[in-house]
Amino acid sequence: GQQLNQSPQSMFIQEGEDVSMNCTSSSIFNTWLWYKQDPGEGPVLLIALYKAGELTSNGRLTAQFGITRKDSFLNISASIPSDVGIYFCAGQLGGDFGNEKLTFGTGTRLTIIP
Amino acid sequence: ETGVTQTPRHLVMGMTNKKSLKCEQHLGHNAMYWYKQSAKKPLELMFVYSLEERVENNSVPSRFSPECPNSSHLFLHLHTLQPEDSALYLCASSQSLGPGLAGGGYNEQFFGPGTRLTVL
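All values derive from a computational prediction rather than experimental measurement.

1. Considering the side chain of Gln37 of chain B
Position of Gln37 of chain B among the secondary structure elements: in strand β4 (residues 31-37). Within polar-contact distance, the side chain of Gln37 of chain B engages the side chain of Gln37 of chain A at 2.8 Å. Residues within four places of Gln37 of chain B in sequence aside, it is in contact with Gln37 and Phe88 of chain A together with Leu43, Ala87, Leu88 and Leu90 of chain B.

This is the structure:
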């Protein structure tokens, strides 16, 4: 089956630092998604990418859909305490309903050191 | 209530118990999902219902039995579980395009807060 390799698994940074994480796949996806999960909550969508090469921003977050359609990265600039959480990438083939299911990465746990 | 709600939030059960997880979505969506989230593993899709019909069953053991009585409610019935079934069970909903319709964009899946299940 499809697998998404997400790295790094965890990050320990100081407030104000920039963060970068990425996701690679063994197969092509037509949509790449980045979710964040806070403790005790379900994942919440941050950014959706629909086109190879697309670069999309949402506030301090920037994500790119790799040109090969097999990878994506997420950058967070000037981190703040509320950025703490687990970030997941997810890929979707799209099209007919049968391909709407998501394949998730293993997550990147972000911790901000005081 | 807004969004996707799940009850209970925490559940501890023995291997011989029978229990049910409940999910309710208040978003007017027509598709609902059950996911399993275990430590250090990707979210695993378990079941998908579209228009109240099961369209996906990802080789889930029969000790997990889903039920979707209407488009707003989804249940996961549990019986004779194993300790390795302990995990966070997440429900999600989306507005599905339905079979045979070409996609365009992503129909966002909205997740509930999950039920933390511990099997003793």
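2. Section: the pairing of strand β3 (residues 19-25) of chain A
All names here are of chain A. Every second residue of β3 is oriented toward a common face, the buried set being Val19, Met21, Cys23 and Ser25 and the non-buried set Ser20, Asn22 and Thr24. As paired elements, strand β1 (residues 4-7) and β3 share four bridges and run antiparallel to each other. Along β3, the bridge assignment pairs Ser7 with Asn22. Sheet topology places β3 next to strand β8 (residues 71-76); six bridges connect them, and they run antiparallel. Paired with Ser20 across the strands is Asn75, a residue of β8.

3. A closer look at the pairing of strand β2 (residues 10-13) of chain B
Residue and element names in this part refer to chain B. Burial along β2 is one-sided: Leu11 and Met13 are buried, and none of His10 and Val12, which face the opposite way, are. Pairing between β2 and strand β11 (residues 115-119): four bridges, direction parallel. By the bridge assignment, Val12 is partnered in β11 with Thr118.

4. Side note on the environment of Leu88 of chain B
Relative to the assigned elements, Leu88 of chain B resides in strand β9 (residues 87-94). Spatially, the C-alpha atom of Leu88 of chain B lies 9.4 Å from that of Arg9 of chain B, the residues being 79 residues apart in sequence. Excluding residues within four positions of it along the chain, Leu88 of chain B makes contact with Gln37 of chain A together with Tyr35, Lys36, Gln37, Pro113, Gly114, Thr115 and Arg116 of chain B.

5. As for the pattern of salt bridges
Residue and element names in this part refer to chain A. The tally for this structure, following the rule as stated, stands at four salt bridges over all chains. Of the charged contacts, one joins Asp38 and Lys36 as a salt bridge, the two residues approaching to 3.0 Å between their closest N and O atoms. Close ionic contact of Asp83 with Arg60 constitutes a salt bridge, the shortest N to O distance being 2.8 Å. You can see Asp83 sitting in the loop between β8 and β9 (85-92) and its partner Arg60 sitting in the loop between β6 (55-58) and β7 (61-65), a full 23 residues away along the chain. We classify Asp83 as buried; its relative accessible area is 5%. We classify Arg60 as partly exposed; its relative accessible area is 28%.

Calculation notes
Residues numbered from 1 in each chain as written. Chains lettered and ligands numbered in written order. Predicted model: local features only at pLDDT ≥ 70, side-chain atom pairs only at ≥ 80, totals over all residues. Heavy atoms only, no water. Helix = DSSP H or I, 4+ residues; strand = E, 2+ residues; numbered from the N terminus. Polar contact = N/O pair within 3.5 Å; in protein donor to acceptor, adjacent residues only side chain to side chain. Contact = heavy atoms within 4.5 Å. Buried < 20%, exposed > 50% of the residue type's maximum accessible area, 1.4 Å probe, protein only. Pairing = 2+ DSSP bridges. Salt bridge = Lys/Arg side-chain N within 4 Å of Asp/Glu carboxyl O.

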